[in-house]
Amino acid sequence: TQVLRKSLQRGIVLSTGSFLVYEARKLISGFAEVHASFKVEDVIEQADYLYGSGETEKLYRLLVQHKNSDDAELLWRLARSSRDLAQLGSTSAEEKKQLTYDSLEYAKKALEKNESNSAAHKWYGICLSDVGDYEGIKTKIGNAIIIKEHFQRAIELNPKDATTIHLIGIWCYSFAEMPWYQRKIAATLFATPPTSTFQEYAANSHLKLFSCLYAADPNFYSKNLLFLGKTYLKLNNKKMALLWLSKAKEYPAQTEEDKQV
């Protein structure tokens with residue numbers, strides 16, 4: 001009886017200990033989840049600050065630590081950051097190619113995590129276009145419809161995103177400028193090949209919107225100014241072309257892309 005009593009007492013102690021450990025783990029787990037949610041917000045806030053400051057390499061180093069995240073907001077920022085790093089003049093050709101493919105994977109993962117994320121659609125379209133540069137003109141043209149669909153979906157989800165509207169304009173411009181041999185390729189890939197003309201592009205409300213965006217914010221985007229000028233040049237409106245190309249030339253260069261513009 002004495003042995004049985006001691007065994008029961010020890011069992012109760014062990015059971016109580018196990019219960020306390022279990023409750024402690026639950027508590028710690030709860031704190032960890034809360035901490036994780038705050039951490040994501042903190043990382044995003046820090047990432048946006050670095051992006052606004054033009055700290056491309058620091059931003060990439062911050063975000064690549066979270067490449068296995070399930071958060072679409074982190075992942076599309078990582079896709080953008082990888083692409084930006086690839087664009088730097090100091091990045092080797094081999095690194096640029098790897099970063100270009102990585103950026104597409106991050107954007108794809110962002111979409112898988114949240115299909116309703118406008119930025120994820122936008123950056124998937126951009127990164128898919130970049131990958132086409134390595135896979136040949138046939139693949140690039142073949143992806144064109146997919147790219148446009150993602151840009152359009154991004155606008156549906158965020159109609160006020162001027163950058164995506166600008167990208168639709170670039171898409172139209174690219175097909176308007178397509179040489180005859182690429183049109184031949186497009187004709188073999190699509191029952192109804194994607195087409196566009198400079199007149200269509202210029203008459204499109206995007207051109208008016210670009211002008212309105214400039215009036216509201218002259219520093220909106222250097223490439224926006226460049227393509228306004230190029231479009232007017234194609235339309236033989238040299239006066240307007242000179243106006244916008246001059247503005248592009250005078251744009252305060254902050255990023256590598258600004259310098260290229």
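What comes next concerns the included structure. Please read these numbers as outputs of a predicted model, since none were measured by experiment.

Rules used throughout
Residues numbered from 1 in each chain as written. Predicted model: local features only at pLDDT ≥ 70, side-chain atom pairs only at ≥ 80, totals over all residues. Heavy atoms only, no water. Helix = DSSP H or I, 4+ residues; strand = E, 2+ residues; numbered from the N terminus. Buried < 20%, exposed > 50% of the residue type's maximum accessible area, 1.4 Å probe, protein only. Contact = heavy atoms within 4.5 Å. Areas by Shrake-Rupley, 256 points an atom, 1.4 Å probe, with all protein chains shown as cover. Axes fitted to C-alpha atoms, helices over the stretch in contact; angles between N-to-C directions. Parallel < 35°, antiparallel > 145°, perpendicular 65-115°, else oblique. Left-handed = near helix turned anticlockwise from the far one by under 90°. Nonpolar A, V, L, I, M, F, W, Y, C, P; charged D, E, K, R; others polar. Salt bridge = Lys/Arg side-chain N within 4 Å of Asp/Glu carboxyl O. Expected span 1.5 Å × (residues − 1). Arc of directions from axis to C-beta.

1. Comments concerning the overall build of the protein
- Broken down by element type, the protein carries 14 helices and zero strands.
- Each helix and strand of the protein, ordered N terminal to C terminal, gives the series α-α-α-α-α-α-α-α-α-α-α-α-α-α.
- Taking all 261 residues of the protein together, 38% fall into the buried category.
- Relative to all contacts within the protein whose residues are 6 or more apart in sequence, the contacts with residues 24 or more apart total 60%.
- Just so you have it, the protein exposes about 15,700 Å², and 55% of that area is on carbon and sulfur atoms.

2. Examining the packing of helix α2 (residues 56–64) against helix α3 (residues 72–87)
- Following both chains from N to C, one finds α2 and α3 inclined at 140°, their axes separated by 9 Å at the closest point. Our classification of the angle between α2 and α3 gives oblique. In the packing of α2 onto α3, the handedness of the crossing is left-handed. Here T56, E57, L59, Y60, L63 and V64 of α2 lie close against α3, whose contacting residues are L74, R77, L78, S81, S82, D84 and L85.
- In terms of residue class, the contact of α2 with α3 is made up of seven nonpolar, three polar and three charged.

3. Some points on unusual backbone geometry
- Here the phi dihedral of N236 falls at roughly 65°; this positive angle occurs in a residue that is not glycine.
- Relative to the helices and strands, N236 resides in the loop between α12 (222–234) and α13 (238–250).
- Looking at N236, the relative accessible area reads 65%, which means it is exposed.

4. Section: the environment of K138
- Tracing the chain through its elements places K138 in helix α6 (residues 137–142).
- For K138, a relative accessible area of 54% gives the class exposed.
- Put simply, K138 and I185 are 47 residues apart on the chain and 6.6 Å apart in space, counted from C-alpha to C-alpha.

5. Description of the pattern of salt bridges
- Following the criterion strictly, the structure yields nine salt bridges and no others.
- Taking the shortest distance from any N to any O, the salt bridge between R77 and D48 comes out at 2.8 Å. In this pair, R77 sits in helix α3 while D48 sits in helix α1 (residues 2–52), placing the two residues 29 residues apart along the sequence.
- Accessibility expressed as a relative area gives 35% for D48, which makes it partly exposed.
- For the salt bridge of D130 with R83, the shortest nitrogen-to-oxygen distance reads 2.5 Å.

6. Quick notes on the packing of helix α8 (residues 162–176) against α12
- Taken N-terminus to C-terminus, the directions of α8 and α12 make an angle of 35°; their axes are 11 Å apart at the nearest point. Considering only the axes of α8 and α12, their crossing is left-handed. Contacts between α8 and α12 involve H166, I170 and Y173 from the former and K223, N224, F227, K230, T231 and K234 from the latter.
- Tallied by class, residues from the contact of α8 with α12 come to three nonpolar, three polar and three charged.

7. Some details on α12
- Taking 1.5 Å of rise per residue, 13 residues should cover 18 Å, and α12 covers 19 Å from first to last C-alpha, within 8% of that figure.
- With its phi angle positive at about 65°, N236 sits one or two positions after the end of α12.

8. Thoughts on the side chain of T56
- Within the fold, T56 resides in helix α2.
- A relative accessible area of 19% places T56 in the buried class.
- Setting aside residues up to four positions removed in sequence, T56 forms contacts with S81, D84, L85 and L88.

9. Focus on α2
- Taken as a whole, α2 has its buried residues at T56, L59, Y60, L62 and L63. Angular distribution of buried residues about the axis of α2 spans 165°; they occupy a single face of the element.

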